[in-house]
Amino acid sequence: MMNFVVKTLANAGALLVAIWLVQDITLTGDSTGKKALSLVLVALIFGLVNVVVKPVVKLLTLPLFILTLGLITLVINALMLLLTSWLADQFSLNFHVEGFWTAILGGLIISLVSWALNVALPDKD
């Protein structure tokens, strides 16, 4: 359970950094509390997308992984971020990613920050 909380907080932190650095990734809300709640809920959605959808997409694109020497990962991360944005919109959360190239940059930032936070934070069950 603790590992789930730590990974969700790492996702929330990574999403927050991407929102802060990339102009076209937005999180809006009436108050700071609503923004924080939306951020945590978006982090949960992002985590679920990465656990459920991403492995299937990676398996289906295995030949492209080999052909591009893994660079297709940037595209897959961008697509997972766009899917998260679409799902957040379906749940009336105020998170939005504007365009594919923004998603590429955001996915790269989120991957780097999430990796760094997962290294720094404890990894216990």
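Residues numbered from 1 in each chain as written. Predicted model: local features only at pLDDT ≥ 70, side-chain atom pairs only at ≥ 80, totals over all residues. Heavy atoms only, no water.

As annotated in an unreviewed UniProt entry, the protein chain carries the name Phage holin family protein and comes from Streptomyces zhihengii.

(A) How the structure looks around helix α2 (residues 32-60). Over its 29 residues, α2 runs 40 Å from end to end, which matches the ideal 42 Å to within 8%, given 1.5 Å per residue. Approximately 40° is the largest bend angle found in α2, and it occurs at V53, with the proline P55 only one to four residues beyond. Within α2, the full set of buried residues consists of S38, L39, V42, A43, I45, F46, G47, V49 and K54. Looking at the packing, one finds that the buried side of α2 touches α1 (2-21), β1 (25-27), α4 (72-90), β2 (95-97) and α5 (100-120). (Helix = DSSP H or I, 4+ residues; strand = E, 2+ residues; numbered from the N terminus. Expected span 1.5 Å × (residues − 1). Bend = angle between axes of the 7 residues up to and from the residue. Buried < 20%, exposed > 50% of the residue type's maximum accessible area, 1.4 Å probe, protein only. Contact = heavy atoms within 4.5 Å.)

(B) Structural detail: the confidence of the model for the protein chain. Taken as a whole, the protein chain shows an average pLDDT of 90; of its residues, 97% reach a score of 70 or greater. Between the elements of the protein chain, mean pLDDT differs from a low of 88, seen in α1, to a high of 95, seen in β2. (pLDDT = per-residue confidence, 0-100.)

(C) Examining the pattern of salt bridges more closely. Counting across every chain of the model gives one salt bridge. Residues K34 and D30 are paired through a salt bridge, measuring 3.4 Å at the closest nitrogen-oxygen approach. Owing to a relative accessible area of 48%, K34 belongs among the partly exposed residues under this scheme. Among the residues examined, D30 registers a relative accessible area of 73% and is labelled exposed. (Salt bridge = Lys/Arg side-chain N within 4 Å of Asp/Glu carboxyl O.)

(D) Molecular detail of the packing of aromatic side chains. Following the criterion strictly, the structure yields one aromatic pair and no others. With centroids separated by 5.4 Å and ring planes inclined at 75°, the aromatic side chains of F100 and W101 adopt a geometry described as edge-to-face. A relative accessible area of 32% means that F100 is categorised as partly exposed. For W101, a relative accessible area of 66% translates into the label exposed. (Phe/Tyr/Trp six-rings, centres within 6.5 Å; stacked < 30°, edge-to-face > 60°.)

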